[in-house]
Amino acid sequence: MAELQSHVVKVRSKNAGPFWVTVDVFCGDAARFAHVCRALETAAVAQLYQQPVQLLKRFDIAELFVVKFSFPRPVVQGSREDRDMHGAQWAALLAEMVIAER
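The structure reproduced in this document is the subject of the present report. The structure presented is a predicted model; accordingly, all values stated were derived computationally and were not measured. Every residue gets a number counted from 1 within its own chain, in the order that chain's sequence is written. Selection of residues for local features in this predicted model requires a pLDDT of at least 70, selection of side-chain atom pairs for listing and counting requires 80 or more, and totals for whole chains, interfaces and linings are taken over all residues. Processing note: side-chain calculations cover all non-hydrogen atoms of the structure and skip hydrogens and water entirely.

1. A look at the pairing of strand β2 (residues 10-15)
Put simply, the rule is: Paired strands, as defined in this entry, are two strands with at least two bridges between them according to DSSP. Going along the chain from the N terminus, every DSSP run of H or I of four or more residues is numbered as a helix, and every run of E of two or more is numbered as a strand.
In this structure, β2 lies alongside strand β3 (residues 20-26), joined through six bridges in antiparallel fashion. The residue bridging N15 from the neighbouring strand is V21, located in β3.

Next comes the structure, spelled out in structure tokens:
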């Protein structure tokens, strides 16, 4: 078992508008992409981000070796309660998630 970040090139998050966040997992090649697709369970990611599975959107983009997750922000971007204006801190949670070895 190892953290996701040790299996991939980069994990990045950003705003997907003022109401959503997107987290991208850049795998770098077909073998790592296949492994991440198998090892990274959508339900586990939903639990990590405290989202109902029905609201978490997952996109496996084989042509780019990228796995993408999008989910609603807990507060609207720029609101008084917003502690991450650009949505950049969400990536750290997923990068540190432990997944199975190859």
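2. What about the pattern of salt bridges?
Just so we agree on the cut-off: What makes a salt bridge here is a side-chain nitrogen of Lys or Arg within 4 Å of a carboxyl oxygen of Asp or Glu, nothing more. Only protein chains enter the accessibility calculation, which uses a 1.4 Å probe; a residue is then buried when its area is under 20% of its type maximum, exposed when over 50%, and partly exposed in between.
Counted according to the given criterion, the structure contains five salt bridges. The residue D24 makes a salt bridge to R12 at a minimum N-O spacing of 2.9 Å. Of this pair, D24 sits in strand β3 while R12 sits in strand β2, and the two are twelve residues apart along the sequence. The exposure class assigned to D24 is buried, which follows from its relative accessible area of 1%. Accessibility expressed as a relative area gives 32% for R12, which makes it partly exposed. In this structure, K68 engages D24 in a salt bridge whose closest nitrogen and oxygen atoms are separated by 2.9 Å. Placement of the pair is K68 in strand β5 (residues 66-72) and D24 in strand β3, with a sequence separation of 44 residues. Residues participating in the shared-partner salt-bridge network are R12, D24 and K68.

3. Considering the sheet that holds β3
Which entries qualify depends on this criterion: To get an axis, a line is fitted to the C-alpha atoms, and for a helix only the part in contact is used. The angle between two axes follows their N-to-C directions and goes from 0 to 180 degrees.
If you trace the four strands from one edge of the open sheet to the other, you get β2-β3-β5-β4, paired in antiparallel fashion. Each edge of the open sheet carries a strand with a single partner, namely β2 and β4 (57-61). Across this sheet, the average inter-strand angle for adjacent strands is 15°, counted without regard to direction. Pairing analysis gives seven bridges linking β3 to β5, with the strands arranged antiparallel. When the sheet's bridge partners are listed, F26 is paired in β5 with V66.

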